[in-house]
Every structure is written in structure tokens, then in C-alpha cells.
Amino acid sequence: MGAFSPEMRERAENLLTLYPQRRSALIPLCHLAQEQAGHLTSPLMEEIAELTGVTPAEVYGTASFYDMLHTEPVGKFLVGVCTNVACLLQGGGELLEHAEASLGVAAGGTTEDEMFTLEEVECVAHCDKAPAVQVNYRFFGPLTGESFDDLIAKLRAGDYDGVVPPHGTLIRVMRENGIEVPLDEVLAERKEMDRAKAERKAAAEAAKEGN
Ligand code: FES
């Protein structure tokens, strides 16, 4: 059995059909894996490698480069407190200090119950609601220490289920309609593209040898 659940595997295969090159789906598939497991486990990275035709090391190399991808476990809720200029001027630094004291972890840490990972983040484009906080890439603000604690209590109690999705879920609306191309057509097109590419390469090499 694969690392992706059957439902996620189906979504992964659907995602692959959206890209002319399988490897272009690498990052979307990493987000999908995070939606399932919270972080990129080795078996998930191996399955992504198999699906995209790259090596597991390339998946790891990509995942470890981007801040939004996690190769180590993170909490159910990734809480980012912005301390960039607009938020800093509105008390972002103090809010981060409060968050650290309130959650009992320094920025970068995860609470013992594995519910929250606290991060200090750069501008999250929510400056008009400074100081801003993002939770699993959904935005809140302006927050005070009190409203931060209230937010945490509500997240813990499940009051925001449905508003704040599982970690890794970036899209707001799942695509259920639109252009649908049968998988065999996509595969046939890819085969044709590979054939044309090989032909161009052979022609270029022949031209080089002729010079
Ligand atoms: S500076 Fe904090 S959201 Fe832009």
C-alpha cells in the first residue's frame, strides 16, 4: 500500500494531469502530502518521487528549500505571527512575545500536545489588519494578547474547523468541474511530446556532426 491514502492518491493523479511535465506537479503534491500527514514523511516523499519521475533526494531538496514545506513534524496548527514593519509598528513584537509565553514555546517550537507550532513570519500581506497572524495560511488580525488567546482557545476547541483547514490545504475551493481530460489522452500527448523532443535532439546532434 502506498503512503498516500486512496483518496489522496486519486487527487495526486488528477493533479498530475494538469501539468505537461510530471515534475512540475512536485510542489502541489508536497502540499497535498502535508494536507494528509502534516509534514512530508520519507514514504510520502518517495511516492511523490515515483509520481513525478524524480529521485527522492530531489523531492527532499525541494521540500527542504521552501519555508511552507516541512520535512519534520509540525503542530496541527501552524501559527505565524508577523513581525514585519507594519505589524511591528502595531505591536507585532509584543504579540509574538505574548504568543511565546501563552503557548509556552519559543518561535520555531511546537507545544507538547502537538497542537500548535509557533513561527515568526515576514509580511503575510495582511498589513491593513496589523498585527496579523496566520494559522494554516488563513489570516487573522488585528490581534491583541487577549484576542490571540481567544483564537487559540477556539482553535483548540474545534470552533474554527471548516474555517481553518488541515495543515497544507492551500486552496479554498476544491475543483470539481471545469476542463477534464481523460488520463489516456494526457498520457498519449506526453508520449507524443517525448517523441518530438527526441526527434529535435537527434536533428540537433546530426546538424552538429555535419558542421
Ligand atoms: S507587515 Fe505584517 S502582514 Fe504585512
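Residues numbered from 1 in each chain as written. Predicted model: local features only at pLDDT ≥ 70, side-chain atom pairs only at ≥ 80, totals over all residues.

Concerning the overall build of the protein chain
Alright, step 1. Within the protein chain, the secondary structure is distributed over eight helices and four strands.
Alright, step 2. The globule rule puts the C-alpha radius of gyration for 211 residues at 17 Å, and the 22 Å found for the protein chain is more than 25% above it.
Alright, step 3. For the C-alpha atoms alone, the extent of the protein chain along its principal axes is close to 75 × 40 × 30 Å.
Alright, step 4. A buried classification covers 26% of the 211 residues belonging to the protein chain.
Alright, step 5. Considering only contacts in the protein chain between residues 6 or more positions apart, those separated by 24 or more positions represent 58%. (Helix = DSSP H or I, 4+ residues; strand = E, 2+ residues; numbered from the N terminus. Rg over C-alpha atoms; globule rule 2.2 N^0.38 Å. Buried ≥ 20, exposed ≤ 12 C-beta atoms within 10 Å, placed from the backbone. Contact = placed C-beta atoms within 7 Å.)

Details of the domain arrangement of the protein chain
Accessible area lost upon the coming together of the parts is a frequently used measure of interface size.
Alright, step 1. Domain assignment breaks the protein chain into domain 1 (6–63) and domain 2 (77–157).
Alright, step 2. Averaged C-alpha coordinates put domain 1 and domain 2 at centres separated by 29 Å. (Domains from an automatic or database assignment.)

Comments concerning the nonpolar core
Alright, step 1. One finds Phe77, Val79, Val81, Leu95, Ala99, Val133 and Phe148 to be the most contacted residues of the largest nonpolar core, which totals 22 residues.
Alright, step 2. When contributions to this core are tallied by element, the ones reaching two or more residues are strand E1 (77–82), helix H6 (92–103), strand E2 (116–121) and helix H7 (145–157).
Alright, step 3. In contact with Val81, other than residues within four places in its own chain, are Gly92, Leu95, Leu96, Ala99, Glu120, Val121 and Val133. (Core = buried A, V, L, I, M, F, W, Y, C linked by C-beta atoms within 7 Å.)

A few points about unusual backbone geometry
Note: most peptide bonds trans; most residues except glycine with negative phi.
Alright, step 1. Between Ala130 and Pro131 the backbone carries a cis peptide bond, its omega angle lying at 0°.
Alright, step 2. A cis geometry characterises the amide bond from Gly141 onward to Pro142, with omega recorded as -10°.
Alright, step 3. Tracing the backbone shows Pro142 in the loop between strand E4 (138–140) and H7.
Alright, step 4. Positive phi outside glycine occurs at Asn136, with the angle close to 45°.
Alright, step 5. By the element assignment, Asn136 lies in the loop between strand E3 (133–135) and E4.
Alright, step 6. You can call Asn136 buried: it has 23 C-beta atoms within 10 Å.

Topic: the sheet that holds E2
Alright, step 1. Here we have four strands laid out as an open sheet, ordered E2-E1-E3-E4, and mixed in their pairing. Since the sheet does not close on itself, it has two edges, and those belong to E2 and E4, each with one partner. Neighbouring strand axes in the sheet, compared pairwise and without regard to direction, differ in orientation by 25° on average.
Alright, step 2. Sheet analysis places E1 next to E3, joined by three bridges and oriented antiparallel. Bridging from a neighbouring strand, Val79 pairs with Val135 of E3.
Alright, step 3. Docked against the sheet, H6 engages E1 and E2, running at close to 150° with respect to E1. (Pairing = 2+ DSSP bridges. Axes fitted to C-alpha atoms, helices over the stretch in contact; angles between N-to-C directions.)

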